[in-house]
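Coordinate inspection notes
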Amino acid sequence: INHIVHNGGLYKRPFNEAFEETPMLVAVLTYVGYGVLTLFGYLRDFMRQWKIEKCQNATEREEQKDFVPLYQDFENFYNRNLYMRIRDSWNRPICSVPGAKVDMMERVSHDYNWTFTYTGRVIKDIINMGSYNYLGFAQKTGACQEAAAKVLSQYGAGVCSTRQEMGNLDKHEELEKLVARFLGVESAMAYGMGFATNSMNIPALVGKGCLILSDELNHASLVLGARLSGATIRIFKHNNMQSLEKLLKDAIVHGQPRTRRPWKKILILVEGIYSMEGSIVRLPEVIALKKKYKSYLYLDEAHSIGALGPNGRGVVEYFGLDPEDVDVMMGTFTKSFGAAGGYIGGKKELIDYLRTYSHSAAYATSMSPPVVEQIITSVKCIMGEDGTTVGEARVQQLAENTRYFRRRLKEMGFIIYGNEDSPVVPLMLYMPAKIGAFGREMLKRNIGVVVVGFPATPIIESRARFCLSAAHTKEMLDTALKEINEVGDLLQLKYSRRRLVPLLDRPFDETTYEETED
């Protein structure tokens, strides 16, 4: 399904997203693969129960055998019998800055991934295609590192208090004013943890008698925040405006269940870039619906701030919209800024309210001063307030890398999800055996990638997820593409029926499709 949307003038630029349908044979074989793994899992559990096979997983003591099991559910079965087979593809320890290249500690397993042993060897200069280092600020040299080191010597590493007590530094105040200017909003507040920015602030904004309309692919932090709030939650199909509008209409017409009273508030939860799909929210349409039905909009820009827009100001700037049309602008400092924490921006009344009622503000320790300085320096660099054009060049380099990498992968015949401007690039693997095989084969070729499977994705939509960075040079991307192409042939991953035709005379940002036979 390829979307090219202009939609009656709402979009000031083409909006191209591709989600190619899973080939039927691949889907069937994927289900068969999981079925075989599940059958063997039950067989091995039977053998473990009768002491035919050694049981390596955690079990209750003999005196606890009559207790209700604490966590013996399907997830535990899945971890024991499916995840354990490919566990070596995750939690790989790196021992360097997560920049364009990383150093990784080598480890081996002699018991089929139940335990790992470190060999003492360090694998050097692995091309890092997995970190969220969109603008390349994860580095151990340069202006950000020098500024953070200076602040560390002046303020120390920790604050040892909350913002409301003795933990409110002048650096925190400076950061929040800078973030508000960067976003184009009246006020902003910074938090020490990106996940908690969502999970602890949504309950402060809505509660019982309120309605949350949440995209089906929203991040776990948004889902947890919505559940903790006590509000009624209804899910709309991913980026589907017809589904969202139907829920809005029903909410206004029918009101609350049983009493039929109007909802106190209706809050729409969406993300800027969806980190598993690589898709970009249809923000112009969401804002149009929000205005039409008098609801509120909560926008999570964790992956889009810094990575989208001509000046890196996120999905609002990408679409040329007014920041005032978004009621709650949330984002994190963990990705484009190479730091930690999150923020919320909006009206001054909103931020003043959250300073008092947000659990993250009242009970969480303040952000570490060196981390604050890393963010301040990187934001000033992006805005050009450091007197250079380095920030602007990084934003442009990321956009060029994104388009080039996506186009080359499609030309090779892989199924690639998401928007053509999204630096999150999912390459579809589908079959369970190919998840571990792809990660291992790429590491053999000195390429570090992230592979993702169930339950983080639907069971038949396992994938490898590449995250592009402004720090990647064209040579690095070409090396990675060459190895991906080779592994794709080896594992037979080129499922796409819609091949891009590489034309030398084609403009950089255009694509030509050619239907190929299955």
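Rules behind the numbers
- Residues numbered from 1 in each chain as written.
- Predicted model: local features only at pLDDT ≥ 70, side-chain atom pairs only at ≥ 80, totals over all residues.
- Heavy atoms only, no water.
- Domains from an automatic or database assignment.
- Contact = heavy atoms within 4.5 Å.
- Buried area = accessible area lost by both parts, 1.4 Å probe.
- Salt bridge = Lys/Arg side-chain N within 4 Å of Asp/Glu carboxyl O.
- Helix = DSSP H or I, 4+ residues; strand = E, 2+ residues; numbered from the N terminus.
- Nonpolar A, V, L, I, M, F, W, Y, C, P; charged D, E, K, R; others polar.
- UniProt positions renumbered as here; feature names shortened; annotations may be inferred.
- Core = buried A, V, L, I, M, F, W, Y, C linked by side-chain atoms within 4.5 Å.
- Buried < 20%, exposed > 50% of the residue type's maximum accessible area, 1.4 Å probe, protein only.
- Patch = residues over 30% accessible without salt bridge, like charges linked within 9 Å, V, L, I, M, F, W, Y side chains within 5 Å.
- Areas by Shrake-Rupley, 256 points an atom, 1.4 Å probe, with all protein chains shown as cover.
- Lys, Arg positive; Asp, Glu negative; His and termini not counted.
- Charge placed at Lys NZ, Arg CZ, Asp CG, Glu CD.
- Polar contact = N/O pair within 3.5 Å; in protein donor to acceptor, adjacent residues only side chain to side chain.
- Pairing = 2+ DSSP bridges.
- Axes fitted to C-alpha atoms, helices over the stretch in contact; angles between N-to-C directions.

A few points about the domain arrangement of the protein chain
The extent of an interface is frequently quoted as the accessible surface area lost upon association of the parts. If you check the domain split of the protein chain, you get domain 1 (20-128 + 388-498) and domain 2 (143-383). Each of domain 1 and domain 2 has a C-alpha centre, and these two points are 29 Å apart. Every contact between the two is made by 19 residues of domain 1 and, on the other side, 18 residues of domain 2. Here domain 1 and domain 2 share an interface that buries about 1,400 Å² over both sides, 59% of which is from carbon and sulfur atoms. At the surface where domain 1 touches domain 2, the tally comes to one salt bridge. Taking the shortest distance from any N to any O, the salt bridge between Glu277 and Arg463 comes out at 2.9 Å. A per-element tally of the side of domain 1 that touches domain 2 places helix 13 (residues 390-412) first, with six residues. Residues that form the side of domain 1 that touches domain 2 fall into these classes: nine nonpolar, five polar and five charged.

A word on the UniProt feature "domain: Aminotransferase class I/classII large" (unreviewed entry) in the protein chain
UniProt records the feature "domain: Aminotransferase class I/classII large" (unreviewed entry) for residues 124-484 in the present numbering. Here residues 124-484 runs as 43% helix and 17% strand, with 19 Å between its end C-alpha atoms.

Here we look at the nonpolar core
Met129, Phe405, Leu409, Phe438 and Phe466 are the most contacted members of the largest nonpolar core, which has 107 residues in total. When residues of this core are assigned to domains, at least three fall in each of domain 1 (20-128 + 388-498) and domain 2 (143-383). Once you skip the residues sitting within four places of it in the chain, Leu409 turns out to touch Phe414, Ile416, Val425, Leu427, Phe466, Leu481 and Ile484. Grouped together as the second largest cluster of nonpolar side chains are 21 residues, Ile202, Met330, Leu350 and Leu354 included.

Here we look at a positive patch on the surface
A surface patch of like charges, here positive, comprises Lys208, Arg258, Lys264 and Lys265. Here Lys265 shows up in the loop between helix 7 (241-254) and strand 8 (266-271). On the basis of relative accessible area, Lys265 is assigned to the partly exposed category, the value being 34%.

Re the pattern of salt bridges
Taken as a whole, this structure holds 33 salt bridges when the rule is applied. When the shortest N-O distance is used, the salt bridge between Arg80 and Asp45 registers 2.7 Å. In this pair, Arg80 is assigned in helix 2 (residues 74-81) and Asp45 in helix 1 (residues 24-49), connecting sequence segments 35 residues apart. Take Arg80 and Asp45: they sit in the same class, and that class is buried. A network of salt bridges, in which partner residues are shared, links Glu441, Lys444, Arg445, Lys482, Glu483 and Glu486.

Brief notes about the UniProt feature "transmembrane region" (unreviewed entry) in the protein chain
Here the UniProt feature "transmembrane region" (unreviewed entry) sits at residues 24-43. End C-alpha to end C-alpha, residues 24-43 measures 29 Å, and it is 100% helix and 0% strand.

A few points about the environment of Thr119
With respect to the secondary-structure elements, Thr119 resides in strand 4 (residues 117-128). As for Thr119 and Val108, which are separated by eleven residues in sequence, their C-alpha atoms are 7.1 Å apart. If we ignore the near neighbours within four places in the chain, the residues touching Thr119 are Glu106 and Val108. In this structure the side chain of Thr119 is engaged in a polar contact, spanning 2.8 Å, whose partner is the side chain of Glu106. Of the polar contacts made by the side chain of Thr119, one reaches the backbone nitrogen of Arg121; its length is 3.2 Å.

Structural notes on the sheet that holds strand 5 (residues 187-191)
Strands sit in the order 5-11-10-9-8-6-7 across an open sheet of seven strands; the sheet is mixed. Only two strands of the sheet have a single neighbouring strand rather than two, namely strand 5 and strand 7 (232-236). Geometrically, the sheet is characterised by an average inter-axis angle of 20 degrees between neighbouring strands, direction not taken into account. In this sheet, strand 10 (residues 328-332) lies alongside strand 9 (residues 296-300) in parallel orientation, the contact comprising three bridges. By the bridge assignment for strand 10, Tyr298 is matched with Val328. Across the face of the sheet, helix 10 (residues 348-357) comes into contact with strand 5, strand 10 and strand 11 (342-346) while running at roughly 30 degrees to strand 5.

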